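Here is how the chains run, residue by residue.
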Amino acid sequence: MWSANLQDLHKLDDLLAVIGDCSPAAEAEFAQEHLRGARTCMLGAMPIECELNLELASETLARMKDTSARRRAQKLLASLSKS
């Protein structure tokens, strides 16, 4: 189950910034939506919902056409702790 910390919130903010800087695409918008939901769930101490949003974001990021942004975003997402 998800356990959030301040470092994870900063990583999510960085991830949102990476996606915000990439070319406009439906995948980027959906990923941002899922990541914002995960951030809200983290702040609201809803670990199951947070984990679901992160999984959905991961699936969406995998379909992004902007290769550079996709790689950076996937690396940041993978770096989030799941302890």
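Please refer to the structure higher up on the page.
What you are looking at is a predicted structure, and each value in this text was computed from that prediction instead of being measured. (Residues numbered from 1 in each chain as written. Predicted model: local features only at pLDDT ≥ 70, side-chain atom pairs only at ≥ 80, totals over all residues. Heavy atoms only, no water.)

Student: What am I meant to see in the overall build of the chain here?
Tutor: A tally of regular secondary structure across the chain gives four helices and zero strands. From first element to last, N terminus to C terminus, the chain shows the α and β order α-α-α-α. By the compact-globule yardstick of 12 Å for 83 residues, the chain fits well, its C-alpha radius of gyration being 12 Å. Based on the C-alpha atoms only, the size of the chain along its principal axes is roughly 30 × 20 × 15 Å. Surface accessibility of the chain: about 4900 Å² in total, with carbon and sulfur atoms responsible for 54%. One finds the centroid of the 10 positive side-chain charges in the chain at a distance of 7 Å from the centroid of its 12 negative side-chain charges. (Helix = DSSP H or I, 4+ residues; strand = E, 2+ residues; numbered from the N terminus. Rg over C-alpha atoms; globule rule 2.2 N^0.38 Å. Areas by Shrake-Rupley, 256 points an atom, 1.4 Å probe, with all protein chains shown as cover. Lys, Arg positive; Asp, Glu negative; His and termini not counted. Charge placed at Lys NZ, Arg CZ, Asp CG, Glu CD.)

Student: Would you mind showing me how to read helix 2 (residues 26–43) here?
Tutor: A turn of α-helix holds 3.6 residues, and therefore any two residues three or four places apart point the same way. Between its first and last C-alpha, helix 2 extends 26 Å over 18 residues, near the 26 Å set by a 1.5 Å rise per residue. All of the buried residues along helix 2 are Glu27, Ala28, Ala31, Gln32, His34, Leu35, Gly37, Ala38, Cys41 and Met42. Backbone geometry just after helix 2 places alanine 45 at a positive phi near 55°. (Expected span 1.5 Å × (residues − 1). Buried < 20%, exposed > 50% of the residue type's maximum accessible area, 1.4 Å probe, protein only.)

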